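Results of the structural survey
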Amino acid sequence: MLVSIVIPCYNSEKTVRKVTEMVMAEFEAHPDYTCDFFLVNDYSRDNTFEEIRKLAADYKNVHGINLMRNFGQHNALMAALNYADGDYILGMDDDMQTHPSQVFKLLDKISEGYDLVYGRYEKKENGSLKNLSSKFNEVSSRILLGRPKEIVSSNFWVITRAVRDEVILYKNFNPYVDGIFYRTTSRIANVTVEHHKREFGKSNYTFKKLLNLWLAYFNYSVIPLRISAYMGAFFAAFGGLFAIITVIRKLLDPTMPAGWASLFCCLLFFSGLIMLVLGVLGEYIGKLILSINGTPQYIVRETVNIRPEDGGRPAAAKAVRNDAGSGALEK
């Protein structure tokens, strides 16, 4: 059973080798499984790809992908998924927070017949901004993406090859892999795993990046448009009712003064509402234009241990898959 591990890497020269070798050690203890790695350098500002290059030289089952610019975590994952060829594909981070010691908790769970399994953390070791955004994403992903209420998503997941084959059909420039997962299968489960502290540095997600990631939800849902329509209908009805009440009050009491202040507040409120609805429409139209213009999902500058004559598939991965007894750790 070949498991392909996909890891988007950004400024992780100090951790990427440790993550990779610790995962290999876990697979050495499980002879029924072999593994290969697809490490995607998302235009890091340090020597991450040089470290990936060294790993690929040391281990035949490590494959490196270097992107031409910073595309973002989910775009990097899509790049890796297009190369990964395992029976299962496991996604994790490069910073030791999704810890290698927890890998087989996910694999044991998906072997029960699920298509997708997320690691669910007992306690998150993130900063306050990341924890707050995670809570917000839990609610909004359930509403906008149709995430099952009992399921908690995370960056630590494993999918079957069948799910991967459907996911890579998505070619839009702004992917959100969880949204694609949810529309592909309903056989989803959680398994409790430990969440470890980041060993080096801090999260690369700024508020702007978190906001842009959340806006990717719009690619998979028309709910914001429906909310805008409902809000428009509600406030139009409210405005009409308020107008009728005002006319009746004026007829009953001709001395009632005109409410300039209240009128001004109403104008501000409804003008803001109109701008909000236009903003939602603009977000959809903008994404549509970018898609029509062929904005790339990712661009690969170079690869390591991946031969073009094999159709983009790594020859080493095929060798490991055809020889289950070769073990996960190959030098």
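Here's a quick rundown of the structure. Keep in mind that this is a model prediction, so the values were computed, not measured. (Residues numbered from 1 in each chain as written. Predicted model: local features only at pLDDT ≥ 70, side-chain atom pairs only at ≥ 80, totals over all residues. Heavy atoms only, no water.)

Here we look at the sheet that holds strand 8 (residues 300-304)
Judged by pairing direction, the sheet is mixed, and its eight strands sit side by side in the order 7-5-6-4-1-2-3-8 without closing on themselves. The two strands at the open ends of the sheet, each matched to only one other strand, are strand 7 (188-193) and strand 8. Here the average twist between neighbouring strands, direction ignored, is 20°. Across the face of the sheet, helix 2 (residues 48-58) comes into contact with strand 1 (2-9), strand 2 (34-41), strand 3 (62-67) and strand 8 while running at roughly 155° to strand 3. Its contacts with the sheet place helix 3 (residues 73-83) against strand 1, strand 2, strand 3, strand 4 (88-91), strand 6 (157-160) and strand 8, and it is angled at close to 150° to strand 1. (Pairing = 2+ DSSP bridges. Helix = DSSP H or I, 4+ residues; strand = E, 2+ residues; numbered from the N terminus. Axes fitted to C-alpha atoms, helices over the stretch in contact; angles between N-to-C directions. Contact = heavy atoms within 4.5 Å.)

So, the pairing of strand 4
The side-chain alternation of strand 4 yields two buried faces, one formed by Y88 and L90 and the other by I89 and G91. Across four bridges, strand 1 lies against strand 4 in parallel orientation. By the bridge assignment for strand 4, S4 is matched with I89. (Buried < 20%, exposed > 50% of the residue type's maximum accessible area, 1.4 Å probe, protein only.)

As for the pattern of salt bridges
Evaluated as defined, the whole model comprises nine salt bridges. Notably, a salt bridge pairs E302 with R53, separated by 3.1 Å at the nearest N-O pair. With a gap of 249 residues between them, E302 in strand 8 and R53 in helix 2 connect regions that are remote in the sequence. A relative accessible area of 27% means that E302 is categorised as partly exposed. According to the relative accessible area criterion, R53 is partly exposed, its value standing at 33%. The shortest N-O distance in the salt bridge between D165 and R164 comes to 2.7 Å. (Salt bridge = Lys/Arg side-chain N within 4 Å of Asp/Glu carboxyl O.)

Some remarks on the environment of D115
Here D115 is to be found in the loop between helix 4 (103-110) and strand 5 (116-121). Residues in contact with D115, not counting those within four places in the same chain, are I110, V158, I159, T160, V163, T185 and R187.

Observations concerning unusual backbone geometry
Even without being glycine, Y43 reaches a positive phi, approximately 55°. Tracing the backbone shows Y43 in the loop between strand 2 and helix 2. At N305, a residue that is not glycine, the phi angle is positive and equals roughly 65°. By the secondary structure assignment, N305 is in the loop between strand 8 and helix 11 (315-322).

Some remarks on helix 3
The buried fraction of helix 3 is high, at 11 of 11 residues. Turning to helix 3, its buried residues are Q73, H74, N75, A76, L77, M78, A79, A80, L81, N82 and Y83.

Here we look at the pairing of strand 6
A regular strand carries its side chains on alternate faces of the sheet. Both faces of strand 6 are covered, namely the face carrying W157 and I159 and the face carrying V158 and T160. Here strand 4 runs beside strand 6; their pairing, made up of four bridges, is antiparallel. The partner of I89 across the bridge, within strand 6, is I159. The pairing of strand 5 with strand 6 spans three bridges and is antiparallel. The residue bridging V117 from the neighbouring strand is V158, located in strand 6.

Some words on empty space enclosed by the protein
For the structure on display, the rule yields one cavity of 30 Å³ or more. Each pocket or cavity is described by its volume, and for the largest cavity that value is around 50 Å³. Lining the largest cavity, in full, are P8, Q73, H74, L77, G91, M92, D93, S154, N155, W157, V177 and D178. Of all the secondary structure elements, the ones that give two or more residues to the lining of the largest cavity are helix 3 and helix 7 (177-184). At three residues, the largest contribution of residues to the lining of the largest cavity is made by helix 3. A breakdown of the residues in the lining of the largest cavity according to their chemical character gives five nonpolar, five polar and two charged. (1 Å grid on protein atoms, 1.4 Å probe; cavity = no way out; pocket = protein on both sides within 12 Å on 5 of 7 lines; lining within 4 Å. Points joined across faces, edges and corners; volume = space filled by probe spheres on them. Nonpolar A, V, L, I, M, F, W, Y, C, P; charged D, E, K, R; others polar.)

Some remarks on the environment of I5
Mapping I5 onto the fold places it in strand 1. Each C-alpha atom, one on I5 and one on V62, is 9.5 Å from the other, the two residues being 57 residues apart in sequence. Ignoring any residue separated from it by four or fewer positions in sequence, one finds I5 in contact with V23, F27, C35, D36, F37, F38, L90 and M92.

Observations regarding the packing of aromatic side chains
Counted by the stated rule, this structure contains four aromatic pairs. Arranged with centres 5.3 Å apart and planes meeting at 80°, the rings of Y33 and F104 form a pair that is edge-to-face. Residue Y33 is located in the loop between helix 1 (16-28) and strand 2, and its partner F104 is located in helix 4; the two are separated by 71 residues in the primary sequence. By relative accessible area, F104 is classed as buried at 6%. Pairing Y118 with Y182 gives two aromatic rings, centres 6.4 Å apart and planes at 55°, and the pair type is tilted. Of this pair, Y118 sits in strand 5 while Y182 sits in helix 7; the two residues are 64 residues apart in sequence, bridging distant segments of the chain. Each of the two residues, Y118 as well as Y182, counts as buried. (Phe/Tyr/Trp six-rings, centres within 6.5 Å; stacked < 30°, edge-to-face > 60°.)

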